[in-house]
Amino acid sequence: MSFLLSRKSIVTQWMVEPAPSKEDINFMLQAAVTAPDHGWLRPWRFIVIEGEARNKLSDLFVDALKKRSPEATQEQLEKEGSRPKLAPLVIVVCSVMTDEKPGVPQNERVLSAGAAAQNILLAAHERDYGAIWLTGNAAYDPTVKEGLGLKDNMDIVGFLYIGSVERDVKERKRPNPEEYTIKWE
């Protein structure tokens, strides 16, 4: 339980090389596919982006912002382009909608992809990497989806930024679950 309670999001500015090893990435993806999956639809896909591929993702983010906001300033374009380069590893988690089992609600498929993303974060934490789940406008941008090769039935659930952390990260105050719990009788 202490492992679960110690997981925290690490800002990308605190992430450094080295990136997770291939073995560690495989471990994270093995954890991802243990997510709850109604109907065994496997409604998730994972795009692993590391090394020089982060520059390609950076260019994609900038192109998408230019299309989305033609009035974007140079500073905004540079900030958008810097995002994929802040962590040594980016895993894009996507949800997939299929027609093979129409009785499985769409939201359950998205939730399964979300559970897979959470499992990746937990596996990264277990291997002592820092990680954070981010979305932003890029996650919903058709130019980004197309550039990543996503099909029409696929959506980005989040960008998971993962890397080594050289600094101590303070524990943050967690909410009291009682404040968010309703006892129904």
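Residues numbered from 1 in each chain as written. Predicted model: local features only at pLDDT ≥ 70, side-chain atom pairs only at ≥ 80, totals over all residues. Heavy atoms only, no water.

**Details of the packing of helix α2 (residues 22-32) against helix α5 (residues 106-126)**
Running from N to C, α2 and α5 point in directions that differ by 140 degrees, and their axes come no closer than 7 Å. Our classification of the angle between α2 and α5 gives oblique. For the pair α2 and α5, the sense of crossing is right-handed. Mapping the contact onto sequence places Phe 27, Met 28, Leu 29, Ala 31 and Ala 32 in α2 and Ala 116, Asn 119, Ile 120, Ala 123, Ala 124 and Glu 126 in α5. (Axes fitted to C-alpha atoms, helices over the stretch in contact; angles between N-to-C directions. Helix = DSSP H or I, 4+ residues; strand = E, 2+ residues; numbered from the N terminus. Parallel < 35°, antiparallel > 145°, perpendicular 65-115°, else oblique. Left-handed = near helix turned anticlockwise from the far one by under 90°. Contact = heavy atoms within 4.5 Å.)

**Focus: the packing of aromatic side chains**
In this structure the tally under the stated criterion is two aromatic pairs. With centroids separated by 5.9 Å and ring planes inclined at 25 degrees, the aromatic side chains of Trp 44 and Phe 46 adopt a geometry described as stacked. Seen in terms of ring centroids, Phe 61 and Phe 159 are 5.3 Å apart; in terms of plane orientation they differ by 75 degrees. Their pairing is edge-to-face. Taken together, the residues Phe 61 in helix α3 (residues 53-68) and Phe 159 in strand β5 (residues 154-165) connect sequence positions 98 residues apart. With respect to class, Phe 61 is no different from Phe 159; both count as buried. (Phe/Tyr/Trp six-rings, centres within 6.5 Å; stacked < 30°, edge-to-face > 60°. Buried < 20%, exposed > 50% of the residue type's maximum accessible area, 1.4 Å probe, protein only.)

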